[in-house]
Amino acid sequence: MGELSLTFEITSLVLLVLIIVADLLIVLKRPHVPSVKECVAWVSFYVSLALIFAGILFFVGDTHHVAVEFLTGWLTEYSLSVDNLFVFILIMSRFAVPRKYQQEVLMVGIIIALIARAIFILIGAVAIEHLSWIFYIFGIFLLYTAWTQAKGEDDEEDDGDSFIQRTVARVLPVHSEYDGNKLRTVVDGKKVFTPMLMVFVVIGLTDVMFAIDSIPAIFGITQNPFIVFTANLFALMGLRQLYFLLGGLVDRLVYLHYGIAAILAFIGVKLIIHAIHEAPLEWIPGFHVLEKIPEVNTFVSLGVIIGSMLIATVASLVLGPKTEDREITDDDHHRGASH
């Protein structure tokens, strides 16, 4: 793995944080629903920035491998972030967040996600350095996550969100109506919180759960904390604009969870193979046979990740239900419910 100078790492992080802060200030200064043209421009900017950063790593790193690790990690985290959009859409819909303020909510959610992931990255880096057997746990966890993704069952989500709402409502006075983008307002002479607080709480907890899934995945690509964090940083940059850009298209990506499940399962197996070499369980009879399994290189990982997302996306757009079909199904469902 190529080594990067501390000066380069600090300079890169400072510049990237400044870009995110500037993006946040734009949202706070002028809350609005971004146009398609604006979303395309921002998403293209952030994607181009990630590719430029990969190019810089290609020349700055001691080896070209660090650039490939970043690209692979970024694509992994980006694909998981796109999956997160499904949940963000559900949260926005459930709390009826005015579209004018959805950018602000998403930006706050992204900041919470960055903080959560930074904490998990530090914990993961320390654990990996001193406890090499933890790769077994990461691998098994990702295989389990892949299985739940493939099942595509989110029935428990409603109960979880309603539990959070009930808990917050018991502790704090929360009003049922928004007052712009304010967290607190005055109703009948009493200070109460607006539903915006509930949205931030649910988004924040959701981001923490996403971090638990995504951090083991990227540690399966690289163990360099700087590459892990910057890959997460670039994956989250532009996610706000991507939310508005995809819009109804997200609903058409019905097979996306299979692609993500394939990626998580692949990385899970990759981690277990890595653990076999790093922390061999010699007390298991015949374990030496497993040590002959070659480790999966980063170029193979990159191919699997790109291939999985392409296949899932194309299959969704070509074989998935069309918009008209879903509208008919929804209408039938509502008519059935009315009876």
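Refer to the structure printed above.
Residues numbered from 1 in each chain as written. Predicted model: local features only at pLDDT ≥ 70, side-chain atom pairs only at ≥ 80, totals over all residues. Heavy atoms only, no water.

Thoughts on the overall build of the protein chain
As a reminder, the rule being used: The secondary structure listing takes helices from DSSP runs of H or I that are at least 4 residues long and strands from runs of E that are at least 2 residues long, numbered from the N terminus. To sort residues, take the accessible area from a 1.4 Å probe on protein chains only and compare it with the maximum for the residue type: under 20% means buried, over 50% means exposed, and anything in between is partly exposed. Whether two residues are in contact is decided by their heavy atoms, any of which lying within 4.5 Å being enough. The Shrake-Rupley method, run with a 1.4 Å probe, gives the accessible areas here. Residue values count only the displayed protein chains as cover.
In terms of regular secondary structure, the protein chain is built from 14 helices and two strands. Per-residue burial over the protein chain gives 45% buried out of 339 residues. Sequence separation of at least 24 residues holds for 80% of the intrachain contacts in the protein chain that already meet a minimum separation of 6. Within the structure as shown, the protein chain displays about 17,300 Å² of accessible surface, and the carbon and sulfur contribution to it stands at 68%.

Quick look at the packing of aromatic side chains
Short version of the rule: Stacked, tilted and edge-to-face pairs are distinguished by plane angle, under 30 degrees for stacked and over 60 for edge-to-face with tilted covering the rest, among Phe, Tyr and Trp rings (Trp via its six-membered ring) whose centres lie within 6.5 Å.
According to the stated counting rule, one finds 14 aromatic pairs in the structure shown. The interplanar angle of 20° and the centroid separation of 6.5 Å between the aromatic rings of Phe-138 and Phe-219 together place this pair among those described as stacked. Linking Phe-138 in helix α5 (residues 134-151) with Phe-219 in helix α7 (residues 195-219), this pair joins segments that are 81 residues apart in sequence. Look at Phe-219 and you get buried, because its relative accessible area is 0%. Put simply, the rings of Phe-8, Phe-53, Phe-70, Phe-226 and Phe-234 touch in pairs and so form one group of aromatic residues.

Details of the pairing of strand β1 (residues 184-187)
For the record, the criterion: A pair of strands is considered paired only if DSSP assigns at least 2 bridges between the two.
Pairing of β1 with strand β2 (residues 190-193) involves four bridges; the strand directions are antiparallel. Each bridged residue has a counterpart across the sheet, and for Val-186 the counterpart in β2 is Lys-191. The turn linking β1 back onto β2 is made up of two residues, and Asp-188 within it adopts a positive phi angle of 55°.

Remarks on the layout of surface pockets
For clarity, the cut-off: A cavity here means a set of points on a 1 Å grid, drawn over the protein atoms and nothing else, where a 1.4 Å probe fits but cannot get out; a pocket is an open set with protein on both sides within 12 Å along at least five of seven lines, and a residue lines either one if it has an atom within 4 Å of a point. Grid points are joined across faces, edges and corners, and a volume is the space filled by probe spheres set on the points. Here the term charged refers only to Asp, Glu, Lys and Arg, the term nonpolar to Ala, Val, Leu, Ile, Met, Phe, Trp, Tyr, Cys and Pro, and the term polar to all other amino acids, Gly among them.
In this structure, the second largest pocket spans a volume of roughly 380 Å³. Around the second largest pocket sit 16 residues that line it, and Tyr-78, Ser-79, Val-82, Met-309 and Thr-313 are the ones nearest its centre. Taken together, the residues of the lining of the second largest pocket sort by class into 14 nonpolar, two polar and no charged.

What to know about the packing of helix α1 (residues 6-29) against helix α2 (residues 36-60)
Heads up, the rule is: Orientation is described by lines fitted to C-alpha atoms, with helices fitted over the stretch in contact, and by angles between N-to-C directions that extend from 0 to 180 degrees. Roughly parallel means an angle under 35 degrees; roughly antiparallel, over 145; roughly perpendicular, 65 to 115; everything else is oblique.
Where α1 contacts α2, the two axes come as close as 13 Å, and the packing angle between them is 175°. Between α1 and α2, the interaxial angle falls into the category roughly antiparallel. Side by side, α1 and α2 meet where Phe-8, Ser-12, Ile-19, Asp-23 and Ile-26 of the first sit next to Trp-42, Phe-45, Tyr-46, Leu-49, Phe-53, Ile-56, Leu-57 and Val-60 of the second. Among the residues making up the contact of α1 with α2, the classes are represented as 11 nonpolar, one polar and one charged.

Focus: unusual backbone geometry
Most of the time, phi is negative for any residue but glycine, and the peptide bond is trans. Phi is positive for Ala-96, which is not a glycine, with a value near 50°. Here Ala-96 shows up in the loop between α3 (65-94) and α4 (99-130). Given a relative accessible area of 54%, Ala-96 falls into the exposed group.

Some words on the pattern of salt bridges
Applicable threshold: By salt bridge we mean one thing: a side-chain nitrogen of Lys or Arg within 4 Å of a carboxyl oxygen of Asp or Glu.
A full pass over the atoms with the stated rule returns one salt bridge. Where Arg-117 meets Glu-77, a salt bridge forms, and the shortest distance between an N and an O atom there is 3.2 Å. Note that Arg-117 is positioned in helix α4 and Glu-77 in helix α3, a separation of 40 residues in sequence. Each member of the pair, Arg-117 as well as Glu-77, is classed as buried.

Section: helix α8 (residues 225-236)
Note that an α-helix has 3.6 residues per turn; residues three or four places apart therefore point the same way. We count it as follows: Here the expected length of a helix is defined as 1.5 Å per residue gap, with one fewer gap than residues. Polar contacts here mean pairs of N or O atoms no more than 3.5 Å apart (in protein, one a potential hydrogen donor and the other a potential acceptor; neighbouring residues in sequence count only if both atoms are side-chain atoms).
With 12 residues, α8 extends 17 Å from end C-alpha to end C-alpha; this agrees with the ideal 16 Å at 1.5 Å per step. All buried positions along α8 are accounted for by Phe-226, Ile-227, Val-228, Phe-229, Thr-230, Ala-231, Asn-232, Leu-233, Phe-234, Ala-235 and Leu-236. Elements that come into contact with the buried residues of α8 comprise α1, α2, α3, α4, α7 and α9 (239-246). The N-cap of α8, judged by a side-chain oxygen 3.0 Å from the amide nitrogen of Phe-226 a few residues on, is Asn-224. Where α8 terminates, the next one or two residues include Gly-238, which has phi positive at roughly 90°.

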